[in-house]
Amino acid sequence: METITKAACIGGGVIGAGWIARLAYNGIDVAVYDPAPDARAKIDAVLENAWHAFSRLTMAPAPKAGAITYADSVAEAVSDAGWIVESVPERLDIKQAVYAEMEAGAPADAVIASSTSGILPTNLQAKMENPERLIVAHPFNPVYLLPLVEIVGGEKTSGETIAKAEAFLPELGMKPLTIRKEIDAFIADRLLESVWREALWLVRDGVATTEEIDDAIRYGFGLRWAQMGLFETYRIAGGEAGMRHFLDQFGPTLSWPWTRLMDVPEYNDELVDLIAGQSDEQSGRHSIRELERIRDDNLVAIMQALKVNDWGAGETLGAYEKRLFDAGAQKPSEIDRTKPVPTLDRTVPADWTDYNNHMNEARYLQCFADASDAFLRMVGVDADYVAKGGSYFTVETHIRHLAEVAALQPIRCETQVLEAKGKKLRLFHTLYHGDGTLLATGEHMLLHVDMATRSASEPAEAIAAELAKFADAHASLSMPEGAGRAIGQPRKG
């Protein structure tokens, strides 16, 4: 399937700006059209927060960011786009008018993806000349972090368009969920709507405040839902007998008059004032941008924790990281072996620093560990190789801390092979500031390990051959200052 390298986003509100960030930070060029006079300022604010989160989401090397340009019309924005996002107001007439402009200027094979949270795609595509290329791709805020996208086809949507979406979205680190049947509000929003309506009654009737309802979710079942969802959570609640026992035990309560879900409270100024006032009291001390940062920091931490166990959203993040690592790894044929190899190029995240705003000691080790991983991927020790049972384990490390570096400053690392014989691999890393200042050196001794037996073993022939090429080439380089030294050992000479 042809790779999509250019996209268009029509509408730059909260969802549209989130799409712009998700696409651009994954290397896709994005053309934007939004007629609002303050559109750029609002989009820039979202992009700033998005990069703060996205740059910390994974240690994999991010692709070079795509260019973001602003067009003067819908037709100009979509003129060479392969993926077109529509995030205009939730009115059918407005959306249909925008599609007419899109079709007049877009390439014939471009996918048109609506961000609507509930309008049926059959209705959206009713007046289109080429309705087969329209889908709903309903994301969740913040779009640049949350992986889920509900994919919904209309009566005239082609299978090829669905397949394109299912292939493209994982490249952005997203999880496409294709809905089996068209239904108003799709799946997630129907579930959310039921909780929302019940919450309105609880506030309206004085049973709970907005903060108490939020506490019930975030300290209780919300944590379970974040990694298991609804049915798997209840399966566990049934004990060893599983879901059947849970249904036998709790099924009869469904007839009890607990819920008022089928009855909506009167939406009036009194209810609005009550809820808005409680919400202000709950969260008013923070600006919206501050709340976005807090939310995003928590989401990054949760998804990284889930990734450790290859579970839920963490499984999607892990697969996305693998794509980034594989895409960022240099091919042996592209590497200049006559000098130390570049293995790290990034900025120092704010949360890597101590009270002096300098990178703390543990992060120097992380830089060298990441450099070792990058080098190993160059020679073929990638995720596939590890999955087949081979890997390298670090057995000894020697670090020299030579200078400080502050948050948000650029750093880079170069790696030299000191030894590559049989099971042993000795690497020497040199860490620099972006201005060339020497920050630290790290020497790693690694052993090749059979993951099945957890014992040292010979690497695969192809890996050994690539390592030998590096070792032979680097043997002509000078021994780096500090190599082989122990703490307190004087410099040679």
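The structure this text deals with has already been given above.
Residues numbered from 1 in each chain as written. Predicted model: local features only at pLDDT ≥ 70, side-chain atom pairs only at ≥ 80, totals over all residues. Heavy atoms only, no water.

## Here we look at the overall build of the chain
A tally of helices and strands in the chain yields 16 helices and 14 strands. Each of the three principal axes of the chain carries a C-alpha extent, and together these read 85 × 55 × 45 Å. Of all 493 residues assigned to the chain, the portion counted as buried reaches 42%. By sequence separation, contacts in the chain at least 24 residues apart represent 71% of the contacts at least 6 residues apart. If you sum the accessible surface of the chain, you get close to 26,200 Å²; carbon and sulfur atoms cover 54% of it. (Helix = DSSP H or I, 4+ residues; strand = E, 2+ residues; numbered from the N terminus. Buried < 20%, exposed > 50% of the residue type's maximum accessible area, 1.4 Å probe, protein only. Contact = heavy atoms within 4.5 Å. Areas by Shrake-Rupley, 256 points an atom, 1.4 Å probe, with all protein chains shown as cover.)

## What to know about the pattern of salt bridges
On inspection of all chains with the given rule, the structure shows 21 salt bridges. A salt bridge links Lys 322 to Asp 384; its shortest N-O distance comes to 3.7 Å. With Lys 322 in helix H13 (residues 313–328) and Asp 384 in helix H15 (residues 383–387), this residue pair connects regions lying 62 residues apart in the sequence. When its relative accessible area of 29% is taken as the criterion, Lys 322 is described as partly exposed. (Salt bridge = Lys/Arg side-chain N within 4 Å of Asp/Glu carboxyl O.)

## Section: the side chain of Thr 343
One can find Thr 343 in strand S9 (residues 341–347). Using a relative accessible area of 9% as the deciding quantity, one classes Thr 343 as buried. A distance of 2.8 Å separates polar atoms of two side chains, one belonging to Thr 343 and the other to Thr 415. Residues contacting Thr 343, with those up to four places away along its chain left out, are Asp 370, Ala 371, Ala 374, Phe 375, Met 378, Cys 413, Glu 414 and Thr 415. (Polar contact = N/O pair within 3.5 Å; in protein donor to acceptor, adjacent residues only side chain to side chain.)

## As for the packing of helix H12 (residues 288–308) against H13
As a packed pair, H12 and H13 sit with axes 7 Å apart at the nearest point and diverge in direction by 80 degrees. Between H12 and H13, the crossing angle belongs to the class labelled roughly perpendicular. Taken together, the residues of H13 that come into contact with H12 (itself represented by Met 303, Gln 304, Leu 306 and Lys 307) are Ala 313, Gly 314, Leu 317, Gly 318 and Glu 321. (Axes fitted to C-alpha atoms, helices over the stretch in contact; angles between N-to-C directions. Parallel < 35°, antiparallel > 145°, perpendicular 65-115°, else oblique.)

## Details of the packing of aromatic side chains
Given two aromatic rings, one states the distance between the centres and the angle between the planes to describe the pair. Using the criterion set out here, one finds seven aromatic pairs in the structure. Among the aromatic residues, those joined into a ring-pair cluster are Tyr 25, Trp 51, Phe 54 and Tyr 320. (Phe/Tyr/Trp six-rings, centres within 6.5 Å; stacked < 30°, edge-to-face > 60°.)

## Examining the environment of Ile 15
Among the secondary structure elements, Ile 15 is positioned in helix H1 (residues 14–24). Exposure remark for Ile 15: the relative accessible area of 27% places this residue in the partly exposed category. Taking the C-alpha atoms as reference points, Ile 15 and Phe 140, 125 residues apart in sequence, are found 7.9 Å from one another.

## Quick look at the nonpolar core
Counting 45 residues, the largest nonpolar core has Trp 19, Leu 23, Trp 83, Ile 135 and Leu 169 as its most contacted members. Top element by residues in this core is helix H2 (residues 39–57). It accounts for seven residues. Leu 169 has contacts with Trp 19, Trp 83, Val 149, Ile 151, Met 174 and Pro 176, leaving out every residue within four places of it along the chain. Ranked by size, the runner-up nonpolar core spans 24 residues in total, among them Ala 31, Val 74, Ala 77 and Tyr 99. (Core = buried A, V, L, I, M, F, W, Y, C linked by side-chain atoms within 4.5 Å.)

## A closer look at H1
Of all eleven residues that make up H1, nine are buried, and the element is covered over most of its length. Of all the positions in H1, only Gly 16, Ala 17, Gly 18, Trp 19, Ile 20, Ala 21, Arg 22, Leu 23 and Ala 24 are classed as buried.

## A few points about a negative patch on the surface
Negative charge collects at one region of the surface, where Glu 211, Glu 212, Asp 214 and Glu 281 lie side by side. At three residues, the largest contribution of residues to the negative patch is made by helix H8 (residues 210–228). In this structure, Glu 281 sits in helix H11 (residues 269–283). (Patch = residues over 30% accessible without salt bridge, like charges linked within 9 Å, V, L, I, M, F, W, Y side chains within 5 Å. Lys, Arg positive; Asp, Glu negative; His and termini not counted. Charge placed at Lys NZ, Arg CZ, Asp CG, Glu CD.)

## A look at the sheet that holds strand S1 (residues 6–10)
An order of S3-S2-S1-S4-S5-S6-S7-S8 is seen for the eight strands of this open sheet, with the pairing classed as mixed. Looking at the sheet topology across the chains shown, the edges are occupied by strand S3 (68–70) and strand S8 (175–178). Taken pair by pair, the neighbouring strands of this sheet meet at an average axis angle of 25 degrees, ignoring direction. Relative to S3, strand S2 (residues 29–33) runs parallel, the two being bridged by three bridges. The residue bridging Ala 31 from the neighbouring strand is Thr 69, located in S3. (Pairing = 2+ DSSP bridges.)

## Considering unusual backbone geometry
Backbone geometry follows two general trends: most residues other than glycine have a negative phi, and most peptide bonds adopt the trans configuration. Cis geometry marks the peptide bond from Asn 141 to Pro 142; its omega dihedral reads 5 degrees. Tracing the chain through its elements places Pro 142 in the loop between strand S6 (134–139) and strand S7 (148–153). Positive phi outside glycine occurs at Asn 357, with the angle close to 70 degrees. By the element assignment, Asn 357 lies in the loop between S9 and helix H14 (361–378). Of the residues examined, Asn 357 reaches a relative accessible area of 40% and is grouped as partly exposed.

## Thoughts on the state of the cysteines
Applying the stated rule across the entire model yields zero disulfides. Cys 367 forms no disulfide, and the closest cysteine sulfur to it belongs to Cys 413, at a distance of 7.4 Å. Taking relative accessible area as the criterion, Cys 367 reaches 0% and is therefore assigned buried. (Disulfide = S-S within 2.5 Å.)

## What to know about the pairing of S8
Alignment of S7 against S8, held across four bridges, turns out to be parallel. In the strand pairing of S8, Glu 150 is matched with Leu 177. In this region the chain leaves S7, passes through helix H6 (residues 159–168) and returns to the parallel neighbour S8; the handedness of that crossover is right-handed. (Right-handed = clockwise from strand over helix to strand, strands pointing away.)

## Here's the deal with the pairing of strand S5 (residues 111–114)
Of the two faces of S5, the one holding Val 111 and Ala 113 and the one holding Ile 112 and Ser 114 are both buried throughout. As paired strands, strand S4 (residues 83–86) and S5 are joined by four bridges and run parallel to one another. In the sheet register, Trp 83 faces S5, and the bridge partner there is Val 111. A crossover links S4 with its parallel partner S5, the connecting element being helix H4 (residues 92–105), and its sense is right-handed. Both S5 and S6 contribute to a ladder of three bridges, which runs parallel. Directly across from Ser 114, in S6, lies its bridge partner Val 136.

## What about a nonpolar patch on the surface?
Judged by side-chain polarity, Val 195, Trp 225, Leu 230, Phe 231 and Tyr 234 come together as a nonpolar surface patch covering roughly 460 Å² of accessible area. With respect to the helices and strands, the residue Phe 231 is situated in helix H9 (residues 231–237).

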